[in-house]
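# Residue-level structural notes
The lines below spell out each chain.
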Amino acid sequence: MSLTLTPDICVIGAGSGGLSVAAAAAAFGVDVVLVEKGRMGGDCLNQGCVPSKALIAAARSARHAADARVFGVHAEPVTVDFQAVHDHVHKVIAAIAPHDSVERFEGLGVTVIKAEARFVDARTLQAGSTTIRARRFVVATGSTPAVPPIPGLDTVPYLTNETVFERTVCPLRLLVIGGGPIGLEMAQAHARLGARVTVVEAGRALAKEDPALASIVLERLRGEGIEILEEAKVVGVTGAAGDIRLKLETSDGRREISGTELLVAVGRKPTVAGLSLEAAGIRFSARGIEVGKSLRTSNRRVYAIGDVAGGLQFTHVAGYHAGLVIRAILFRLPARENRDIIPRVTFTEPEIGHVGLTPDEARQRFGAASIRVLEAPFSGNDRAQAERRTEGLLRLVAGRRGRILGADVVGPGAGEITNLLSIVVARRLSARDLAGVVLPYPSLSEAVRRAAISYYAESPKDPWVRRLLRFLALFG
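We now turn to the structure provided with this report. (Residues numbered from 1 in each chain as written. Predicted model: local features only at pLDDT ≥ 70, side-chain atom pairs only at ≥ 80, totals over all residues. Heavy atoms only, no water.)

## Section: the sheet that holds strand 7 (residues 130-132)
Taken in spatial order, the four strands line up as 1-7-6-5 in an open sheet, and their pairing is mixed. Two strands lie at the open edges of the sheet, namely strand 1 (3-5) and strand 5 (117-121), each paired on one side alone. Put simply, the sheet's adjacent strands are angled 25° from each other on average, direction ignored. When strand 6 (residues 124-127) meets strand 7, the two strands line up antiparallel, connected through three bridges. (Pairing = 2+ DSSP bridges. Helix = DSSP H or I, 4+ residues; strand = E, 2+ residues; numbered from the N terminus. Axes fitted to C-alpha atoms, helices over the stretch in contact; angles between N-to-C directions.)

Structure, rendered in structure tokens:
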């Protein structure tokens, strides 16, 4: 039986962004319909952030047990039960799933429709037998793994993030195409759990990160036995299950490598297929739905958020977008995306995080003369020394009057330290603000304050003036 609904807001996609919009709107008593054709929680819960971090946690435990001898603790030999690792990953998903479930959202007052959605016209959506005419639509359909057009790839079995967490046996020799965050996180995790791993990257691994900082991560991974081939293009794939071969073009010529399993991790593509966006007058391309700073599409009734909007592909960005469109739809407040405050973290060990402007971006925007780069190595941090984790450093990019414009950190606890740095950048804090804060000792976060204090190391040449400035930074 067909049904017609006329809610205030219709959300398409029950991933991080869509769920956030639906929950927030329902909390304000707004009539909301949420349409999802797959599993509630989307990619992040079922095939992305949650299972990957659960797998990384298991792998880290294995590595730390093997390394415990430096502390006088001997736990050898370390053995891995990969079936139990698989079970751990899925128990974590199951523990979080109720928070994203149909039952919870219906309890919040959201009408949930489990069906595929497609636009009929500029103001009408069809979801199964239900017709929806909403005041505003929010498209939050996320993204799917990108599969490169490599000759022969379609003739062999391969893994993506949608299937890799279903394995109950550790690969013997895992080949990974893609040296970005997903590829390297999965490479290190599987290597620590017993696989021999080779990563193939057509360009530079961790290409979005500063090369000097990325090299710290890559050196660690190579030190753990992971082969990382950079500037190596995969030009062909042959073989069968259990014996997969990659044909490579490198600066040294052609070569072939083999493995038992293949993981494709070359990025993600926005999910727009089947939505009939043309019928609604919504412009889009292979990069995703076209939106302005307000996240509004070419159809003013429709917003797009998260991965499908063609920008930064992070779960926390989808949540940020959700807050912006709620401001715009419910309160008619100006809402403009600010990418300068968006952090990112790659959860290898060591982790590497970034927020704000890079040194080069800051120099281009504000002029080279006004930019200072402040660094504090973890080798000078007492907590890092106590834990034998001294690789890496923290970097601050300071502008006029010491305002922190950006920050990078690679080393122990980099992901958690990036949280603090995100507040610093978003709230436009300065080196003086950081130098004057009291942090618990000993903690890894002290590196932030140490770097900030170095802002005053190259102050006026008069030593008495330098001392005064340092005093004011610390106690003023």
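## Thoughts on the packing of aromatic side chains
In this structure the tally under the stated criterion is three aromatic pairs. Ring centres 5.4 Å apart and planes at 70° place the aromatic pair phenylalanine 119 and phenylalanine 137 in the edge-to-face group. In this pair, phenylalanine 119 is assigned in strand 5 and phenylalanine 137 in strand 8 (residues 136-139), connecting sequence segments 18 residues apart. A centroid spacing of 5.2 Å and a plane angle of 90° characterise the contact between tyrosine 455 and tyrosine 456, whose relative ring orientation is edge-to-face. Per residue, the accessibility class of tyrosine 455 equals that of tyrosine 456, and both read buried. The ring of phenylalanine 105 has arginine 104 sitting right over it, with the charged end atom 5.3 Å from the ring centre. (Phe/Tyr/Trp six-rings, centres within 6.5 Å; stacked < 30°, edge-to-face > 60°. Buried < 20%, exposed > 50% of the residue type's maximum accessible area, 1.4 Å probe, protein only. Lys NZ or Arg CZ within 6 Å of the ring centre and 35° of its normal.)

## With respect to unusual backbone geometry
In this chain, glutamate 76 is followed by proline 77 through a cis amide linkage whose omega measures -5°. Following the sequence through the fold, proline 77 ends up in the loop between helix 3 (49-67) and helix 4 (82-96). The residue after glutamate 349, namely proline 350, is reached through a cis peptide bond having omega 5°. Structurally, proline 350 is set in the loop between strand 21 (344-346) and strand 22 (351-356). Of note in the backbone geometry, leucine 295 takes a positive phi value of approximately 70° without being a glycine. Take leucine 295: it is sitting in the loop between strand 19 (288-289) and strand 20 (302-304).

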